[in-house]
Amino acid sequence: MATRIGVISSGRGGNLRYIVEAARSGYLPAEVAIVLADQKDAGALKIAREQGIEAHFFDPSGLSRAEYDEVLMDHLDRAGVNLVVLTGYMRILSPAFIRHFKNRTINIHPALLPAFRGLDAFQQALDYGVKWTGTTIHLVDEDVDHGPIIHQVPVKVEEGDTHERLKARVQEAEYRAYPEALKLFIEGRPKVVGRKVVFEERRS
Ligand code: GAR
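Predicted model only: the values in this text are computed from it and were never measured.

### Brief notes about the overall build of the protein
What the protein contains, in helices and strands, is 6 helices and 9 strands. Relative to the compact-globule value of 17 Å for 204 residues, the protein shows a C-alpha radius of gyration of 16 Å, a close match. Principal axes of the C-alpha set define a box for the protein whose edges measure 50 × 40 × 35 Å. Evaluated residue by residue, the protein yields a buried proportion of 49% over its 204 residues. Taking as baseline every contact in the protein between residues at least 6 positions apart, the subset at least 24 positions apart corresponds to 62%. Averaging the locations of the 27 positively and 28 negatively charged side chains of the protein gives two centres separated by 4 Å.

Below you can see the structure in the form of structure tokens.
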């Protein structure tokens, strides 16, 4: 079955741009079928529309988490999505959503998990004084920034790094890492064994 990706975002759409490019160039055997956002001004919506991809903003105000996620699931299902990709999506998904797309929802976090879960991983890394941080692409489970890891890429923290400089280097790494991780996940016949994602075919 062809992989149809549904992207959910609150953000600028930096990762989305590279995922769409990877799919359109043939590097990624998948199509970005739909983009959903919880922020009216999300850059991801603009990028999707420029690329001719179906894109919707849904306002979460006044809805419970479960009700809001019903709206998302309905649109993802109608678009035939079989892989959900989160790019800077800042809401926690409901248990029903996680069950519906179990082991088919992927997130990117800007740190080497399990370090620096939650908000502002760049500042957490700078404050802690680590020499290396990076990015993690992982399956989404019931806990925030916690599910089985698909791929990680380290990024060195430079002497005198500022938040902005570190963020720029980590995000540059993310733009390569997310398409790599998706390719591996789609082509590598993954199995989830406990906390581990095991690939029958290792291609990257
Ligand atoms: C990325 O850096 C991603 O790692 C981060 O949001 C940014 C989204 O950028 N995600 C999180 O912090 C989630 N915990 P983008 O909208 O330009 O792709």
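What follows picks up the thread again.
### Regarding the site of the ligand
In the neighbourhood of the ligand, the contacting residues comprise G11, R12, G13, G14, N15, G88, I108, H109, P110, D145, Q171 and E174. R12 is positioned such that a nitrogen or oxygen atom in its backbone is 3.0 Å from an oxygen atom of the ligand. When the ligand is considered free in solution it has 450 Å² of accessible area, and contact with the protein chains removes 89% of it. At the level of elements, α1 (14-25), β5 (105-109) and α6 (163-187) are the ones that each hand at least two residues to the shell around the ligand.

### Focus on the nonpolar core
Among the nonpolar cores identified, the biggest contains 41 residues, and L16, V35, I106, I150 and L182 are the most heavily contacted of them. Per-element tally for this core: the top contributor is α6, with 9 residues. Those residues in contact with L182, other than ones at most four positions away along the chain, are I5, I19, L28, L83, V85 and I106. Core analysis: the second largest hydrophobic core is formed by 19 residues, I34, L36, L76 and I98 among them.

What counts, and where the lines are drawn
- Each chain carries its own residue numbering, running from 1 in the direction its sequence is written.
- Under the rules for a predicted model, residues below a pLDDT of 70 receive no local features and side-chain atom pairs below 80 are neither given nor counted, while totals for whole chains, interfaces and linings still include all residues.
- For the side-chain quantities, the full set of heavy atoms in the structure was used; hydrogens and water were omitted.
- Per the convention used, a helix needs a DSSP run of H or I reaching at least four residues, while a strand needs a run of E reaching at least two, with both numbered from the N terminus.
- Only C-alpha atoms enter the radius of gyration, while the globule expectation follows 2.2 Å times N to the 0.38, with N the number of residues.
- Summary of the burial criterion: residues with accessible area below 20% of their type's maximum are buried, those above 50% are exposed, and those between are partly exposed, where the area comes from a 1.4 Å probe applied to protein chains only.
- Contacts are residue-level and defined by heavy atoms, with any inter-residue pair within 4.5 Å sufficient.
- Counted charges follow a simple rule, with Lys and Arg positive, Asp and Glu negative, and His plus the chain ends left uncounted.
- Charged side chains are reduced to one point each, which is NZ for Lys, CZ for Arg, CG for Asp and CD for Glu.
- Whether a residue is near a molecule or strand is decided by its heavy atoms; if any one of them lies within 4 Å of it, the residue is near.
- Under the rule applied, a polar contact is a pair of N or O atoms within 3.5 Å (in protein, one hydrogen donor and one hydrogen acceptor; residues adjacent in sequence only if both atoms are side-chain atoms).
- For the accessible areas, the method is Shrake-Rupley and the probe is 1.4 Å, while residue cover comes only from the protein chains on display.
- In this text, buried Ala, Val, Leu, Ile, Met, Phe, Trp, Tyr and Cys residues form a nonpolar core when linked through side-chain atoms within 4.5 Å.

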